[in-house]
Amino acid sequence: MIGVAVLGSTGSVGESTLDVLARNPGRFRLVAVAAHTNAASLARQVLKWQPRYAALADPRAASQLRSLLGSGAPGTQVLTGPEALEQIAQAPEVDCVMAAIVGAVGLSSTLAAARAGKRVLLANKEPLVMAGGLLIEAARAAGATLLPIDSEHNAIFQCLPSGSQAGVVPAGLRRILLTASGGPFLDLPAEALESVTPQAACRHPNWVMGRKISVDSATLMNKGLELIEACELFGVTAQQVQIVVHPQSIVHSLVEYIDGSVLAQLGAPDMRTPIAHALGWPERIPSGVEFLDLLKTGRLDFRAPDTVRFRCLALAQAAASAGGLHPVLLNAANEVAVAAFLEGRLNFTGIAAVIEAVVEQCPAGAAGDLQQVQAADAEGRARARERILGLTGSAAVRGAHA
Ligand code: MG
């Protein structure tokens with residue numbers, strides 16, 4: 001039995017992971033679940049699965065969890081605080097860690113899992129964007145296996161020769177074609193983008209996801225972060241990745257080789273496919289997804305992304321080419337700007353304006369060690385907050401939704 005820890009178990013990827021585990025009894029044992037604050041959902045999972053550990057980052061939520069559990073889960077140890085996630089990621093009973101915590105807060109536990117030599121399923125893209133080099137180096141040193149869960153990167157991984165190493169470009173690879181759904185505002189005119197609501201931004205046409213990543217999909221920043229993620233994971237340059245808008249979300253990405261062959265991975269837009277692929281790898285296990293019927297799908301469309309209307313993508317492409325601390329600042333500013341948009345303090349087009357102002361002041365040079373990355377992350381957040389305050393009352397926030 002493979003011991004699995006799910007970090008971010010109450011989110012959309014976390015719930016999908018538990019669904020795949022439930023379809024494969026006898027193969028996996030759920031050892032740990034962890035979430036940020038959602039005590040009610042975590043209690044439901046603990047009562048059903050009776051894991052060895054349950055963690056909530058927020059101490060008040062953890063005491064709420066203890067009272068919700070009562071005597072219903074006698075074998076479960078409830079943990080809390082920032083170290084709890086790292087403790088779980090390194091626990092000896094854990095073989096495989098699903099890293100599905102949204103945002104930069106997932107970095108330390110993902111690194112801890114890599115350093116402990118676990119199989120790490122990377123659903124959280126921010127740690128790779130911030131500190132991909134450090135993460136891949138830690139995994140290499142400890143003999144950990146990194147497997148991508150982001151549907152595009154999982155697709156690319158499936159199209160690579162077996163034995164490919166994280167961070168090393170496989171021989172004969174010419175280009176990666178990274179597909180993008182285009183999000184809910186694909187055909188919306190530029191003027192209309194200024195007044196879109198958080199609700200509309202979170203209504204993705206193909207995928208069911210959390211709010212932060214839904215907004216990132218609507219701005220196309222998600223694709224920009226995925227570009228950086230692809231460069232880190234597969235050792236390619238930003239120029240070797242072509243972003244292709246594919247509104248049906250059936251082709252999850254493609255790899256082109258020097259002989260002209262293009263390999264693609266296709267499937268229904270359901271995260272349980274990449275999750276099952278990585279959990280079972282190198283074997284295949286059932287995932288519960290609806291099988292693809294190409295006759296029903298009918299057509300597959302592809303077009304170039306519009307980096308003028310979707311300025312976040314252009315900013316991410318520039319950060320991917322610049323390297324160093326640029327992706328760290330880009331990600332930090334984006335997290336703060338998206339939170340402000342979701343809270344009605346910034347309008348949709350203001351997200352790119354805030355990021356641009358923060359990234360402009362990025363120092364040159366290499367990213368450095370974890371402390372330097374974390375310092376740049378904090379700096380980027382502080383500058384983004386200042387910028388949002390500075391914009392209050394100006395044109396950039398007009399039309400924001402309180
Ligand atoms: Mg993706």
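Residues numbered from 1 in each chain as written. Predicted model: local features only at pLDDT ≥ 70, side-chain atom pairs only at ≥ 80, totals over all residues. Heavy atoms only, no water.

Caption draft 1: Highlighting the sheet that holds strand β1 (residues 2–7). In spatial order, the strands read β4-β3-β2-β1-β5-β6-β7; together these seven strands make up an open sheet with parallel pairing. With partners counted over all chains shown, the strands left at the sheet margins are β4 (77–80) and β7 (145–148), one partner each. Put simply, the sheet's adjacent strands are angled 20 degrees from each other on average, direction ignored. Across six bridges, β1 lies against strand β2 (residues 28–35) in parallel orientation. Bridge assignment links Val6 to a residue of β2, and that residue is Val33. In this fold helix α5 (residues 107–115) packs onto β1, β5 (96–99) and β6 (119–122), with an angle of close to 150 degrees to the strand it touches most, β6. (Pairing = 2+ DSSP bridges. Helix = DSSP H or I, 4+ residues; strand = E, 2+ residues; numbered from the N terminus. Axes fitted to C-alpha atoms, helices over the stretch in contact; angles between N-to-C directions. Contact = heavy atoms within 4.5 Å.)

Caption draft 2: How the structure looks around the pairing of β6. Of the two faces of β6, the one lined by Arg119 and Leu121 and the one lined by Val120 and Leu122 are each fully buried. When β5 meets β6, the two strands line up parallel, connected through four bridges. Along β6, the bridge assignment pairs Ala99 with Leu122. This β-α-β element, β5 to α5 to β6, shows right-handed connectivity. Sheet topology places β6 next to β7; four bridges connect them, and they run parallel. Bridge pairing links Val120 to Leu146 in β7. In terms of handedness, the path from β6 via helix α6 (residues 126–142) over to β7 forms a crossover that is right-handed. (Buried < 20%, exposed > 50% of the residue type's maximum accessible area, 1.4 Å probe, protein only. Right-handed = clockwise from strand over helix to strand, strands pointing away.)

Caption draft 3: Just helix α15 (residues 326–342), in detail. In this model α15 runs 24 Å from its N-terminal to its C-terminal C-alpha over 17 residues, within 8% of the 24 Å that 1.5 Å per residue would give. Two residues or fewer past α15, Gly344 is found with a positive phi of approximately 80 degrees. (Expected span 1.5 Å × (residues − 1).)

Caption draft 4: Structural context of the nonpolar core. Residues Leu279, Leu330 and Ile351 are the most contacted members of the largest nonpolar core, which totals 133 residues. Looking at which element gives the most residues to this core, the answer is α15, with nine residues. Leaving out residues up to four positions away in the same chain, Ile351 has contacts with Val215, Thr219, Cys312, Asn334, Ala337, Val338, Phe341 and Leu346. (Core = buried A, V, L, I, M, F, W, Y, C linked by side-chain atoms within 4.5 Å.)

Caption draft 5: Spatial organisation of unusual backbone geometry. Cis geometry is found at the peptide bond from Trp281 to Pro282, where omega equals 5 degrees. With respect to the helices, strands and loops of the structure, Pro282 is situated in the loop between α12 (272–280) and α13 (294–297). The phi dihedral of Ser249 falls on the positive side, at around 50 degrees, and the residue is not glycine. Its place among the elements puts Ser249 in the loop between β9 (241–245) and β10 (251–257).

Caption draft 6: Region of the structure containing the coordination of the magnesium ion. Protein ligation of the magnesium ion involves Asp150 (OD), Glu152 (OE) and Glu226 (OE), the donor distances falling in the range 2.1 Å. As a motif over one chain, the donors of the magnesium ion read D-x1-E-x73-E. Taken individually, Asp150 and Glu152 each receive the classification buried, so the pair is uniform in this respect. (Donors = N, O, S within 2.8 Å, 3.2 Å for Na, K, Ca; no water.)

Caption draft 7: Quick look at the side chain of His204. Locating His204 in the fold gives a position in the loop between α9 (198–201) and α10 (211–219). At 3.0 Å, the side chain of His204 forms a polar contact with the backbone nitrogen of Asn206. The residues touching His204, leaving out its near neighbours within four places in the chain, are Ser181, Gly183, Pro184, Met209 and Ser217. (Polar contact = N/O pair within 3.5 Å; in protein donor to acceptor, adjacent residues only side chain to side chain.)

Caption draft 8: Just the domain arrangement of the protein chain, in detail. What the domain assignment reports for the protein chain is domain 1 (2–149), domain 2 (155–269 + 291–317) and domain 3 (323–402). Each of domain 1 and domain 3 has a C-alpha centre, and the two are 28 Å apart. Between domain 1 and domain 3, the contact holds 10 residues from the first and 10 residues from the second. Buried surface at the junction of domain 1 and domain 3, both sides included, amounts to about 730 Å², of which 72% is carbon and sulfur. When the area that domain 1 buries against domain 3 is broken down by residue, the three leading residues are Val129, Met130 and Leu134, summing to 59%. (Domains from an automatic or database assignment. Buried area = accessible area lost by both parts, 1.4 Å probe.)

Caption draft 9: Molecular detail of the pattern of salt bridges. Under the counting rule described, the total for this entry stands at 23 salt bridges. One salt bridge in this structure joins Arg140 and Glu137, with 3.1 Å as the shortest N-O distance. Taken together, the positions of Arg140 and Glu137, both in helix α6 and three residues apart, correspond to about one turn of that helix. For Arg140, a relative accessible area of 46% puts it in the partly exposed group. By relative accessible area, which is 42% here, Glu137 ends up partly exposed. Across the pair Asp270 and Arg272 runs a salt bridge whose closest N-O atoms are separated by 2.8 Å. When salt bridges that share partners are traced, they join Lys125, Asp150, Glu152, Lys223 and Glu226 into one network. (Salt bridge = Lys/Arg side-chain N within 4 Å of Asp/Glu carboxyl O.)

Caption draft 10: How the structure looks around a nonpolar patch on the surface. The grouping of Leu266, Leu292, Leu294, Leu300 and Phe302 at the surface amounts to a nonpolar patch, some 400 Å² of accessible area in total. Structurally, Leu292 is set in the loop between α12 and α13. (Patch = residues over 30% accessible without salt bridge, like charges linked within 9 Å, V, L, I, M, F, W, Y side chains within 5 Å. Areas by Shrake-Rupley, 256 points an atom, 1.4 Å probe, with all protein chains shown as cover.)

Caption draft 11: Structural detail: the packing of aromatic side chains. Tallied over the full model, the rule gives three aromatic pairs. Judged by centre distance (5.6 Å) and plane angle (65 degrees), the rings of Phe341 and Phe348 are edge-to-face. On the basis of relative accessible area, Phe341 is assigned to the buried category, the value being 1%. The class of Phe348 is buried, set by a relative accessible area of 5%. Members of the aromatic cluster, joined through ring pairs, are Phe185, Phe341 and Phe348. One cation-aromatic arrangement involves Arg52 over Tyr53; the distance from NZ or CZ to the ring centre is 5.0 Å. (Phe/Tyr/Trp six-rings, centres within 6.5 Å; stacked < 30°, edge-to-face > 60°. Lys NZ or Arg CZ within 6 Å of the ring centre and 35° of its normal.)

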